[in-house]
Every structure is written in structure tokens, then in C-alpha cells.
Amino acid sequence: MAESKEETDKKGGYTYWKRDIDDAHLLPDTRPQKIDGATQQILTDESFALLDEGGNKVQGFNATVTGDSQAYHIRGRSRLGYEFKVKLSWKGSFGGKEVSGELDIQDLDSSDLDGFDVRPKPKNADSKSAAEALKKGARPAVKKAAEMLSQRLLARSG
């Protein structure tokens, strides 16, 4: 026999986990937290290059990372799930010329770190060849940065 709506409401309803309890202060704080700048600036670190091959070196600066992340504890192991959008300015030397531009990654997803698109935009004609090289060349660097970010955030939450 099904319970009436009034009986369900008296027991706290189907959202029993939202009820007021005496020991609620023992539960961890699960409110979203903003990540501070020291954690998110991996891509702009001086020792981190987006492209570093054959005398060409391109580095990022002024990175903006937006999105959501969630720490999970699955089968005794901590993991980080995230979906980020990355906007980044880049500069460096390529082919003996000073180059610069913007880089955009719309969908950096922890479940598919090989499936993101790097969209570099050159600031001038000299930067076009560097932008083309960044389409493929920056992917390993961004993937490495995402893995480093996961490790830092999991160490912080653990």
C-alpha cells in the first residue's frame, strides 16, 4: 500500500538527506570553492612551454580558466573530474621571429583528454606559422598541464 503525501511529508519526504540533524556540524563542507591563482597558473609558469622544439619556443601568459571540477573517491583512489574552458595569450620566438597570439580551448574535459581542440589565433602575419604549429604542438603541453592541475587539486583536497 502506497503512503499518502501527508505521511511522506511527516517522515521528511524523499529528500531525507536534507533534513536537519543534530550532528550536521560533523559533515564536511561541500560548498563550491574558487581555485586560487597559484593553483591555476601552470600554463603561465616560466618553466612551462606550449611549444619547445627546434629552436622555437612559445610560452603562455595571462591564462583564464573557467569551468567546474569535482573530486571523487572511487575504489579507494581519489580522482578529479572537470570541464574547463581555457583562454590564453602566447608569445615567443618561431622561425627566428617574435610571435604572439591568443589560444582558445573550449572543452577541456577530464573524461577525454585526447579529444580537445586547440584554437590558436595569431596577432600578426609573422605569427601564422607559429599558430599552425601550436594546433598540434600545444596539445601535449596542455594535457600535461591538466594532469599537473589534477594532482595539485587532489593533494589540496586530500
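Note that the coordinates shown come from a computational prediction; the quantities given were computed from them, not determined experimentally. (Residues numbered from 1 in each chain as written. Predicted model: local features only at pLDDT ≥ 70, side-chain atom pairs only at ≥ 80, totals over all residues. Heavy atoms only, no water.)

Ranked by size, the top nonpolar core spans 32 residues in total, and within it L50, W90, I105 and L108 carry the most contacts. The dominant element in this core, judged by the number of residues it contributes, is helix α3 (residues 128-157), at 11 residues. (Core = buried A, V, L, I, M, F, W, Y, C linked by side-chain atoms within 4.5 Å. Buried < 20%, exposed > 50% of the residue type's maximum accessible area, 1.4 Å probe, protein only. Helix = DSSP H or I, 4+ residues; strand = E, 2+ residues; numbered from the N terminus.)

As a volume, the second largest pocket reaches approximately 190 Å³. For the lining of the second largest pocket, the elements supplying multiple residues, two or more each, are β3 (77-94) and α3. For the lining of the second largest pocket, the element with the most residues is β3, which contributes 5 residues. Split into classes, the residues belonging to the lining of the second largest pocket amount to 5 nonpolar, 3 polar and 3 charged. (1 Å grid on protein atoms, 1.4 Å probe; cavity = no way out; pocket = protein on both sides within 12 Å on 5 of 7 lines; lining within 4 Å. Points joined across faces, edges and corners; volume = space filled by probe spheres on them. Nonpolar A, V, L, I, M, F, W, Y, C, P; charged D, E, K, R; others polar.)

Considering the arrangement of structural elements, one finds S89 in strand β3. Owing to a relative accessible area of 10%, S89 belongs among the buried residues under this scheme. In this structure the side chain of S89 is engaged in a polar contact, spanning 3.2 Å, whose partner is the side chain of E102. Among all residues touching S89, those that are not within four sequence positions of it are Q59, G60, F61, N62, G101 and E102. (Polar contact = N/O pair within 3.5 Å; in protein donor to acceptor, adjacent residues only side chain to side chain. Contact = heavy atoms within 4.5 Å.)

Low pLDDT marks stretches whose predicted atomic positions should not be read closely. This prediction gives the protein a mean pLDDT of 83; 77% of its residues lie at or above 70. Per-element confidence in the protein is highest for strand β5 (residues 119-122), whose mean pLDDT is 96, and lowest for helix α2 (residues 37-40), whose mean pLDDT is 54. (pLDDT = per-residue confidence, 0-100.)

Right, let's talk about the side chain of N56 for a bit. Note that N56 resides in strand β2 (residues 56-74). There is a polar contact of 2.8 Å between the side chain of N56 and the backbone nitrogen of G95. Contact partners of N56, with chain neighbours within four places excluded, come to L51, S93, F94 and G95.

Tallying each qualifying case throughout the model produces 4 salt bridges. The salt bridge involving D114 is made with K143; its shortest N-O contact spans 2.8 Å. Of the two residues, D114 is situated in the loop between β4 (97-109) and β5 and K143 in helix α3; the sequence distance between them amounts to 29 residues. K143 sits in the partly exposed class, given a relative accessible area of 26%. (Salt bridge = Lys/Arg side-chain N within 4 Å of Asp/Glu carboxyl O.)

The grouping of D68, E83, D107, D112 and D117 at the surface amounts to a negative patch. Of note, E83 is situated in strand β3. (Patch = residues over 30% accessible without salt bridge, like charges linked within 9 Å, V, L, I, M, F, W, Y side chains within 5 Å. Areas by Shrake-Rupley, 256 points an atom, 1.4 Å probe, with all protein chains shown as cover. Lys, Arg positive; Asp, Glu negative; His and termini not counted. Charge placed at Lys NZ, Arg CZ, Asp CG, Glu CD.)

Okay, the pairing of strand β1 (residues 49-53) next. Alignment of β1 against β2, held across 4 bridges, turns out to be antiparallel. Across the sheet, residue D52 finds its bridge partner in β2, namely K57. Hairpin connection, β1 to β2: the antiparallel pair is bridged by 2 residues, and G54 has positive phi, about 55 degrees. (Pairing = 2+ DSSP bridges.)

Glancing now at the packing of aromatic side chains. To describe a pair of aromatic rings, one takes the distance between the centres and the angle between the planes. By the definition in use, this model includes 1 aromatic pair. Taken together, a centroid distance of 4.9 Å and an interplanar angle of 10 degrees make the contact between Y82 and F84 stacked. Look at F84 and you get buried, because its relative accessible area is 6%. Directly above the ring of F61 sits K91, whose terminal nitrogen or CZ lies 4.8 Å from the centroid. (Phe/Tyr/Trp six-rings, centres within 6.5 Å; stacked < 30°, edge-to-face > 60°. Lys NZ or Arg CZ within 6 Å of the ring centre and 35° of its normal.)

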